[in-house]
Amino acid sequence: LFESKMALENMLNELKKYLGLQPSEEIDIEGRVVLEGDLEYSLSELERIAINKRTDLSNLKLTRKLLELDIKQARSECRPSADLTANYGYEGRGEDVAESLKNFDSNRWGVALVINIPIFDWGRRRKIVKSKEFALKSLDLQIKELEETIKYSIRMNYSSYLNAKQRLKLLEKNVEQAKENLRI
């Protein structure tokens, strides 16, 4: 009986680990004998909690967002760009600053327009965009694989937990039966 209780406690701790919960947190599962540390979540709820609390998965999703921004930037570098600059100034003459401020001889102004059209990059920019898009697809596969691994681990631990709980019930019945046999 003691070994079964310890196995049950170990399964709960393993489940907490996969859910990203602290070992000291109390959790309960529905549909079983209520024991300390029992879980009160369905399997789908446990999977959802685990996926939302896993920091490695959160980091991959943040990396995905950054990669999407990188792709937008790389695409923008393939398009023509234009810079417009304008300036205006006065010019004064004199012996000192005060006198030059009084005698403005001329004013100057200028406008500059610079247009950049990426024609002869020999496909370098497009290759950069394609490589980033490939990295995004690869990251999406990593995210999907990690989610499936988390779900699989939750299912396995949940199943082990239910098996341990069932064994505990059977052992408790065996103890009751042994006490009854001893009494007779």
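Anything mentioned here points back to the structure above.
We now turn to the structure provided with this report.

The rules we used
- Residues numbered from 1 in each chain as written.
- Predicted model: local features only at pLDDT ≥ 70, side-chain atom pairs only at ≥ 80, totals over all residues.
- Heavy atoms only, no water.
- Helix = DSSP H or I, 4+ residues; strand = E, 2+ residues; numbered from the N terminus.
- Buried < 20%, exposed > 50% of the residue type's maximum accessible area, 1.4 Å probe, protein only.
- Contact = heavy atoms within 4.5 Å.
- Core = buried A, V, L, I, M, F, W, Y, C linked by side-chain atoms within 4.5 Å.
- Salt bridge = Lys/Arg side-chain N within 4 Å of Asp/Glu carboxyl O.
- Expected span 1.5 Å × (residues − 1).
- Arc of directions from axis to C-beta.

**Description of the overall build of the protein**
In step 1: Looking only at helices and strands, the protein features five helices and two strands.
In step 2: For the protein, the N- to C-terminal ordering of α and β elements is α-α-α-β-α-β-α.
In step 3: Out of the 184 residues in the protein, the part that is buried amounts to 24%.
In step 4: Long-range contacts, defined here as pairs at least 24 residues apart, represent 67% of the contacts in the protein between residues at least 6 apart.

**Quick word on the nonpolar core**
Looking at soluble globular proteins, one finds that nonpolar side chains tend to be buried together.
In step 1: In this structure, Leu-19, Leu-46, Leu-57, Ile-150 and Ile-154 are the most contacted members of the largest nonpolar core, which totals 24 residues.
In step 2: Of all the secondary-structure elements, those providing two or more residues to this core are helix H1 (2–19), helix H2 (43–53), helix H3 (55–76) and helix H5 (124–183).
In step 3: Ranked by residue count, the leading element in this core is H5, at 10 residues.

**Thoughts on the pattern of salt bridges**
In step 1: Under the defined criterion, the tally for this structure stands at seven salt bridges.
In step 2: Residues Lys-61 and Glu-147 are paired through a salt bridge, measuring 3.6 Å at the closest nitrogen-oxygen approach. Of the two residues, Lys-61 sits in helix H3 while Glu-147 sits in helix H5, which places them 86 residues apart along the sequence.
In step 3: Judged by relative accessible area, which is 21%, Glu-147 ranks as partly exposed.
In step 4: For Lys-130, the salt bridge is made with Glu-133, and the minimal N-O distance between the two is 4.0 Å. One end of the pair, Lys-130, and the other, Glu-133, are both in helix H5, three residues apart, so they sit about a helical turn from each other.
In step 5: Classification of Lys-130 by relative accessible area gives exposed; the value is 56%.
In step 6: Here the salt bridges share partners, and the residues they tie into one network are Arg-64, Glu-68 and Asp-140.

**What to know about H3**
In step 1: For H3, which comprises 22 residues, the first-to-last C-alpha distance of 32 Å matches the rise-based estimate of 32 Å (1.5 Å per residue) to within 8%.
In step 2: Listed as buried for H3 are Leu-57, Leu-60, Leu-67, Ile-71 and Ala-74. Projected down its long axis, H3 shows its buried positions confined to an angular sector of 85 degrees, all on one face. Exposed and facing more than 90 degrees away from the buried side of H3 are Thr-55, Leu-62, Lys-65, Leu-66, Leu-69 and Lys-72.

**A few points about the environment of Lys-17**
In step 1: Structurally, the position occupied by Lys-17 is in helix H1.
In step 2: Sequence separation between Lys-17 and Ala-50 is 33 residues; the distance between their C-alpha atoms is 9.1 Å.

Keep in mind that these numbers describe shape and distance, not what the molecule does.
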